[in-house]
Amino acid sequence: MKITTKDGNEFFIPQFSSGYWGIIFSSFFFPTRCTLCNDKICELSDVSFADAWMPELTKSDNIGTSLIISRNKIFEEILDKAVSKEEMGLEKVSENVALQSQSLYVVKKRLSARIKILRVFGKKIPIYHQDLLKLNFSDYYYPLLFYSKNNILSKRCFWSLISFYRFSLETASHYKSKLLSKK
């Protein structure tokens, strides 16, 4: 979030920082539908781009490594031309490495849990043409925590908690800076 005051001062607050919503309110207005995405790497597209989240893929990387998953011969020709003109470098990785880098098994497990939880509460669920995974009791913990927090805190009567939470953060920050300045 970028805030410009009347006197021209600018402040930038990263979205998931404690100054924005903090840990408690980070998903305060998070649309439930976004939690039901089952296509993290655009499995039905001709080409997918994704961050490479595995250390072995980014060990000598200062600017960012991306995964490119091509399912189209025309796009593969475009990639080959870019490499031959030295506009980009490519390194092949196994399908397993690509899947691990995106934690797709964990994503699919949590999606299965979210779908089952929302069905219990009578919510509409998109029709997916895939089998839901068999889950353990512990697989429901994070989805239940998320939906409980999101459902309860999204009620208008709880919005005043945001002001109280922000005030608490500012007060704690104020006293912390005073303590640090005394040292």
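The structure we're discussing is the one just above.
On a predicted model such as this, the values are computed, not experimentally measured, just so you know.

Reading the values: the criteria
- Residues numbered from 1 in each chain as written.
- Predicted model: local features only at pLDDT ≥ 70, side-chain atom pairs only at ≥ 80, totals over all residues.
- Heavy atoms only, no water.
- Helix = DSSP H or I, 4+ residues; strand = E, 2+ residues; numbered from the N terminus.
- Contact = heavy atoms within 4.5 Å.
- Areas by Shrake-Rupley, 256 points an atom, 1.4 Å probe, with all protein chains shown as cover.
- Polar contact = N/O pair within 3.5 Å; in protein donor to acceptor, adjacent residues only side chain to side chain.
- Expected span 1.5 Å × (residues − 1).
- Buried < 20%, exposed > 50% of the residue type's maximum accessible area, 1.4 Å probe, protein only.
- Salt bridge = Lys/Arg side-chain N within 4 Å of Asp/Glu carboxyl O.
- Core = buried A, V, L, I, M, F, W, Y, C linked by side-chain atoms within 4.5 Å.

Visitor: Hey, could you run me through the overall build of the protein in this one?
Guide: Helix and strand counts for the protein come out as seven helices and four strands. Listed N to C, the secondary structure of the protein is β-β-α-β-α-β-α-α-α-α-α in terms of helices and strands. Contacts spanning at least 24 positions in sequence make up 58% of the contacts within the protein whose residues lie at least 6 apart. Entry remark: accessible area of the protein is about 14300 Å², with carbon and sulfur atoms responsible for 59%.

Visitor: I'm lost on the side chain of Ser48 in this one. Help?
Guide: Turning to its location among the elements, Ser48 is positioned in strand E3 (residues 47-51). Within the local environment of Ser48, its side chain forms a polar contact with the side chain of Ser45, the two groups lying 3.3 Å apart.

Visitor: Looking at this structure, I do not really get helix H5 (residues 104-120). What am I missing?
Guide: An α-helical turn contains 3.6 residues, so any two residues separated by three or four positions project in the same direction. For H5, with 17 residues, the first-to-last C-alpha span of 24 Å sits near the 24 Å given by 1.5 Å per residue. Considered for burial, the residues of H5 that qualify are Leu104, Val107, Lys108, Lys109, Leu111, Ser112, Ala113, Arg114, Ile115, Ile117 and Leu118. Backbone geometry just after H5 places Gly122 at a positive phi near 75 degrees.

Visitor: Would you explain the environment of Met54 in this entry?
Guide: Take Met54: it is sitting in the loop between E3 and helix H2 (55-58). The class for Met54 is buried, based on a relative accessible area of 11%. Through-space distance from the C-alpha of Met54 to that of Ser103 is 9.8 Å; in sequence the pair is 49 residues apart. Those residues in contact with Met54 that lie beyond four places of it in its chain are Val97, Gln100 and Ser101.

Visitor: Is there a simple way to explain unusual backbone geometry in this structure?
Guide: If a residue is not glycine, its phi is most likely negative; likewise, a peptide bond is most likely trans. We note that Glu86 has phi near 55 degrees; this positive angle belongs to a residue other than glycine. Looking at where Glu86 falls in the secondary structure, it is placed in the loop between helix H3 (73-84) and helix H4 (95-101). By relative accessible area, Glu86 is classed as exposed at 73%.

Visitor: In this structure, what is going on with the pattern of salt bridges? I would like to understand it.
Guide: Side-chain pairs of opposite charge can arise whenever the charged atoms involved come near each other. One pass over the full model with this rule turns up one salt bridge. Here Lys73 ties to Glu76 by a salt bridge, and the two come within 4.0 Å at their closest N and O atoms. Remark: Glu76 and Lys73 occur in helix H3; sequence separation between them is three residues, near one turn of the helix. A relative accessible area of 63% places Lys73 in the exposed class. Taking the relative accessible area as the measure of exposure, Glu76 reaches 28% and is therefore partly exposed.

Visitor: Looking at this structure, how should I read the environment of Ile115?
Guide: Among the structural elements, Ile115 can be located in helix H5. For the pair Ile115 and Pro143, spaced 28 residues apart in the sequence, the C-alpha separation amounts to 9.4 Å.

Visitor: Is there a simple way to explain the nonpolar core in this structure?
Guide: One broad trend across soluble globular proteins is that nonpolar side chains are buried collectively. Grouped together as the largest cluster of nonpolar side chains are nine residues: Leu36, Leu111, Ile115, Ile117, Leu118, Ile125, Tyr128, Phe146 and Tyr147. Of the residues forming this core, the biggest block, four residues, is contributed by H5. One finds Ala50, Ala52, Leu57 and Leu67 within the second-largest nonpolar core, a separate group that totals six residues.

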